[in-house]
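Listed below, chain by chain, are the residues.
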Amino acid sequence: MKLQAFLSSRVVTPEGTRPAAVLVEGETIRAVVPLDQVPANAAIHDFGDAAILPGLVDSHVHINDPGRAEWEGFDTATRAAAAGGYTFVVDMPLNCLPATTTVASLEAKRAAAHGRCRVDWAAWGGVVADNQSEIEALAAAGVLGFKCFLIHPGIDGFTMVTEQQLRAALPAVARTGLPLLVHAELAGPIDAATEILAEADWRCYSTYLQSRPEEAELAAIRLLLSLCREYDFRLHIVHLSASSVLPELSAARSEGLAVSVETCPHYLHLTSDAIANGATTHKCAPPIRSRENCEKLWQGLRDGVIDFVVTDHSPCLPAMKRLDEGNFRTAWGGISSLSVALPVMWTEASRRGFSLSDIARWMAEGPARLAGAQKHKGQITPGFDADFVIFDPESEFVVTEERLHYRHPLSPYLGEQLRVIVKATYLRGEPVFVAGKFPAEAVGREFRPRPREGGSKSA
Ligand SMILES: [Zn+2]
C-alpha cells in the first residue's frame, strides 16, 4: 500500500503542535513521528513551516440537493468545502426536496450525491410535525442524528414542531442514542416584536435585529433543557447567537445534562453596528447581534460552554437576497461561508491569543464528535482518516468572488482582508484542493456510522 509522509514544523495533534511527519498508509494515518524518522520508502510532502491541521468538519451545511440544486448542490458545496479546508460535511435535512424526513428521501439524497462530492459527507434526518414513526428507521438507514425547528423554518417542505409534536418524537429520538439538533428560537417573542415593527423601516438592520430578540432563544433553550431532563436525549443547540443564554447552558452542563452548543463564524466576526442599511447579505436567523454580544460568545468558547464552530452554510438564489430593495423582512436569511470560515475564524482567534489547537478542537474534533465520527475524523491521530488542511498561519488575502467556489458568490465578507490562505486539502490521503485548483476526481463518499459506535450519551 502507498506510504506517504506529510512533513511540517507545525503539525497540530490532540497532544499539541510540534515538528513532525504524519505517516499515511492508503487512506489512513499510521503514525506521527519525529522528522528524522521518516521511512525511506515514503513519498514525501514537505510543507516546511505551513501548519498541518486535521481536515475541518462542518456538521451544519445546507446543500439543497436534490430538489433545489440551483441554490447550491453537492458538486459546488463540496468544492467550496475542499477550498476552505473541510474534508467532511453533514447536510441539513431541509432546503432539499424531498426533505430528509423518510428513508426514501434519504435514498434520494444518496442518489443525488453519488459521484459528485469532493469531500466526505453524511446526512442529518429531520424531525417534523408528522414523521415520528420514521425516526428509528432513519437512524437504522444511516442518518447521524436529527434536526428540528421550534419556529417556522422560512421554507416550504419542512415543518416546524410544536412542543406536543416534539414530545411525541422524543422517546424515539432517545432510543436511537443519536443527537437532536434544534433551531432554538420560539415564535412568541419574535411575533410580538415584529408586530410592533409593522411600520418600521425594514431596510435598517436594526429593525430586523429588534424583530428577533434574545428572549426567543432564551425561551426555546429553557424549554429544550427541561425536555432534555424529562426524556434523556442528546440535545444540541445549533447556531447560538444570544450570549445571554450562556449562564443557563453552563448550569445545564454542571447538572450533567447531555447538551452541546455550536456557534458560527459570522456571530464571532460580524457585528450589528457595522451592517449597512440594505445589506441583506448579512441576514441570518438568529441574527448577528452587538459587538458586546460577540465578545461574550468568544468568552463562551474560551470557557468551553460553546463546544465548537460550524458554518451554517446556507445558500440561495441571488434574487432571493433582494439586494436591489434591501428589505430585511423579505430577503432570504442565510450566509454561505464554507470556503472562508477558517480565515474568518483564524483572523479573530489569532488576535485574541487562541492557538491552532483551539481551531482544530472547534472546527474539526468537536463537530466530528457530534456527528459520531470521533474515531475517524477530526484529529491527526493514528487510525484516523488521513484528512488534512495545510496553511501558512501568517498569510493574508482579500476575499473576492473567485475565492468563494460555491455556486452563487454572495458573501458578507467580500472585500475583507483575512488571515490564512489554504494551501492544500487532503481527503483520505488524496489531494482535493491544491494551490487554488481541484486536482482529484470527486472522490468524496458518505460517512456511515459503524455499528456499536453510536448510542453514546456523551455530547
Ligand atoms: Zn442551518
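About the cut-offs
Residues numbered from 1 in each chain as written. Predicted model: local features only at pLDDT ≥ 70, side-chain atom pairs only at ≥ 80, totals over all residues. Heavy atoms only, no water. Helix = DSSP H or I, 4+ residues; strand = E, 2+ residues; numbered from the N terminus. Contact = heavy atoms within 4.5 Å. Buried < 20%, exposed > 50% of the residue type's maximum accessible area, 1.4 Å probe, protein only. Arc of directions from axis to C-beta. Pairing = 2+ DSSP bridges. Axes fitted to C-alpha atoms, helices over the stretch in contact; angles between N-to-C directions. Donors = N, O, S within 2.8 Å, 3.2 Å for Na, K, Ca; no water. Phe/Tyr/Trp six-rings, centres within 6.5 Å; stacked < 30°, edge-to-face > 60°.

Engineer: Run through the side chain of T381, naming residues and quoting values.
Structural biologist: Tracing the backbone shows T381 in the loop between α12 (356-370) and β15 (388-398). For T381, the residues in contact, after removing those within four places along its chain, are P14 and I29.

Engineer: So what's going on with helix α2 (residues 103-113)? Residues and values would help.
Structural biologist: In an α-helix, one turn spans 3.6 residues; hence positions three or four apart end up facing the same way. Taken together, the buried positions of α2 are S105, L106, K109, R110, A112 and A113. Buried residues of α2, seen end-on, are gathered within an arc of 160° and therefore sit on one face of the element. Turned more than 90 degrees from where α2 packs its buried face, A104 and A111 sit exposed. As for α2, its buried residues are in contact with α1 (74-83), β7 (86-91), β8 (120-123) and α3 (135-141). Looking one or two residues past α2, G115 carries a phi angle of roughly 75°, positive in sign.

Engineer: Can you break down the sheet that holds β8 residue by residue, with the values?
Structural biologist: Spatially, β6-β7-β8 is the arrangement adopted by the 3 strands of the open sheet, whose pairing is parallel. Bordering the open sheet on either side are β6 (56-61) and β8, each of which pairs with just one other strand. Shown here is a sheet whose adjacent strand axes are inclined to one another by a mean of 20°, direction ignored. Pairing between β6 and β7: 4 bridges, direction parallel. When the bridges of β7 are listed, D58 appears paired with V89. Across the sheet, α2 touches β7 and β8, and the angle it forms with β8 is around 165°. On top of the sheet, α12 reaches β6 and β7; it is set at about 50° to β6, its chief contact.

Engineer: If you had to explain the coordination of the zinc ion to someone new, which residues and values would you point to?
Structural biologist: Within the protein, the atoms that donate to the zinc ion are H60 (NE2), H62 (NE2) and D312 (OD), at distances of 2.1 to 2.2 Å. Spacing between the donor residues of the zinc ion along their common chain follows H-x1-H-x249-D. The pair H60 / H62 is uniform in exposure class, with both members buried.

Engineer: Please set out the packing of aromatic side chains residue by residue, giving values where relevant.
Structural biologist: Applying the stated criterion to the full structure yields 15 aromatic pairs. On the numbers, 6.3 Å between centres and 75° between planes, the contact of F47 with Y426 is edge-to-face. Pair noted here: F47 is in the loop between β4 (43-46) and β5 (51-54) and Y426 is in strand β16 (residues 417-427), with a separation of 379 residues, a long-range link. When its relative accessible area of 18% is taken as the criterion, F47 is described as buried. For the ring pair Y208 and F328, a centre distance of 6.2 Å and an interplane angle of 15° mean the geometry is stacked. Pair noted here: Y208 is in helix α6 (residues 205-211) and F328 is in the loop between β14 (308-309) and α11 (341-351), with a separation of 120 residues, a long-range link. Classification of Y208 by relative accessible area gives buried; the value is 3%.

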